[in-house]
Amino acid sequence: MSLARLAALLADPTRAAFCTALLDGRAWTAGELARHAGVAPSTASEHLSRLIGGGLLAEERQGRHRYVRLAGPEVATLIEDLSSFAPPAGTPGGPTAVGSPAPRSLRESTRLSAEARARTCYDHLAGRLGVTVGDAVLARGLVTEEDGPTLTALGRTWLTGLGAELPPRAGRAGARPVVRTCLDWTERRNHLGGAFGALLCRTALDRDWVQRIGSGRALRVTPDGERALRELLGVEPLPA
């Protein structure tokens, strides 16, 4: 796909809003995305067809239901990286993310504040929580950035002690990198993605260290999570 065509796909506010919503890593129905973006189902269907045709979204069908999700982690990285170039909320005309205008209500402002504190970026941790965990992982030598982000031998031993396993193909040619940095659009600093970042997020969710807030991307750290983060990484509870 040409750069111009890719840019055109994301230049439309409705399509951009769809892609931003799908950064939660889950599959959505066309109806759910239509309600999220405030457009008619027929309009949503037209936009989704373009995004699927352009390779940004993948379609799944279960019976009569049609679900869509981001086509893969590389698309999530693209959307999150583009979001980091958007002006912060509160600047003239500045969106809070690709396709997301500045908050128009207290409810929306509360949601955005929660997402800035802790959220998922496709399948890894983001927001202040993600950046803080990334800093702790680097400080403890589990990951090094000397020759590009790399999981160290100490990091692999740490994962073994955690009882967590990377996918067998992680880091191989044509597969997802073990570690990559991802520029956080709210913190304007890197958090950790790749197979390692995804494993940390999945472990945190599976062990109830973090819980989703409602149906969006925002997360809350549980008391068990606060203890685990303190014991494993020296991370203190995030300020409210």
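Residues numbered from 1 in each chain as written. Predicted model: local features only at pLDDT ≥ 70, side-chain atom pairs only at ≥ 80, totals over all residues. Heavy atoms only, no water.

K.L.:
Can you help me understand the overall build of the chain in this one?
P.N.:
Within the chain one finds ten helices and eleven strands. Taking 2.2 N^0.38 as the reference for a compact globule, 240 residues should give roughly 18 Å; the C-alpha atoms of the chain span a radius of gyration of 18 Å, in line with that estimate. Considered along the principal axes of its C-alpha atoms, the chain spans approximately 50 × 45 × 35 Å. For the chain, the residues scored as buried account for 44% of the 240 residues in total. Long-range contacts, defined here as pairs at least 24 residues apart, represent 54% of the contacts in the chain between residues at least 6 apart. Carbon and sulfur atoms make up 54% of the accessible area of the chain, which totals about 12,100 Å². (Helix = DSSP H or I, 4+ residues; strand = E, 2+ residues; numbered from the N terminus. Rg over C-alpha atoms; globule rule 2.2 N^0.38 Å. Buried < 20%, exposed > 50% of the residue type's maximum accessible area, 1.4 Å probe, protein only. Contact = heavy atoms within 4.5 Å. Areas by Shrake-Rupley, 256 points an atom, 1.4 Å probe, with all protein chains shown as cover.)

K.L.:
In this structure, what is going on with helix α8 (residues 153-162)? I would like to understand it.
P.N.:
An α-helix turns once every 3.6 residues. As a result, residues three or four positions apart point the same way. All buried positions along α8 are accounted for by Gly155, Trp158, Leu159 and Leu162. The buried side chains of α8 occupy one side of the element, clustering within an arc of 100° when seen end-on. Within α8, the exposed residues directed more than 90 degrees away from the buried face are Ala153, Thr157, Thr160 and Gly161. Buried residues along α8 sit in contact with β7 (150-151), α9 (194-206) and α10 (223-233). Positioned one or two residues after α8, Gly163 has a phi angle of 75°, which is positive. (Arc of directions from axis to C-beta.)

K.L.:
Where do I start with empty space enclosed by the protein in this structure?
P.N.:
Unoccupied space between atoms shows up once a probe the size of one water molecule is rolled over them. Under the definition given, this model contains two cavities of 30 Å³ or more. Volume-wise, the largest cavity comes out at about 140 Å³. In this structure, the largest cavity is lined by 14 residues; those nearest its centre are Leu200, Ala204, Trp209, Leu229 and Leu233. At the level of secondary structure, the elements contributing two or more residues to the lining of the largest cavity comprise α7 (127-139), α8, α9 and α10. Per-class residue counts for the lining of the largest cavity are 13 nonpolar, one polar and no charged. (1 Å grid on protein atoms, 1.4 Å probe; cavity = no way out; pocket = protein on both sides within 12 Å on 5 of 7 lines; lining within 4 Å. Points joined across faces, edges and corners; volume = space filled by probe spheres on them. Nonpolar A, V, L, I, M, F, W, Y, C, P; charged D, E, K, R; others polar.)

K.L.:
Hey, could you run me through the pairing of strand β3 (residues 65-70) in this one?
P.N.:
Note on strand geometry: in a regular strand, side chains alternate between the two faces of the sheet. Where strand β1 (residues 28-29) meets β3, two bridges bridge the pair, whose relative direction is antiparallel. Following the sheet pairing, Thr29 is matched in β3 by Tyr67. Note: strand β2 (residues 57-62) against β3, six bridges, orientation antiparallel. The residue of β3 that forms the bridge with Arg61 is Arg66. Taking the residues between adjacent antiparallel strands as the criterion, β2 and β3 are bridged by two residues, where Gly63 takes a positive phi near 60°. (Pairing = 2+ DSSP bridges.)

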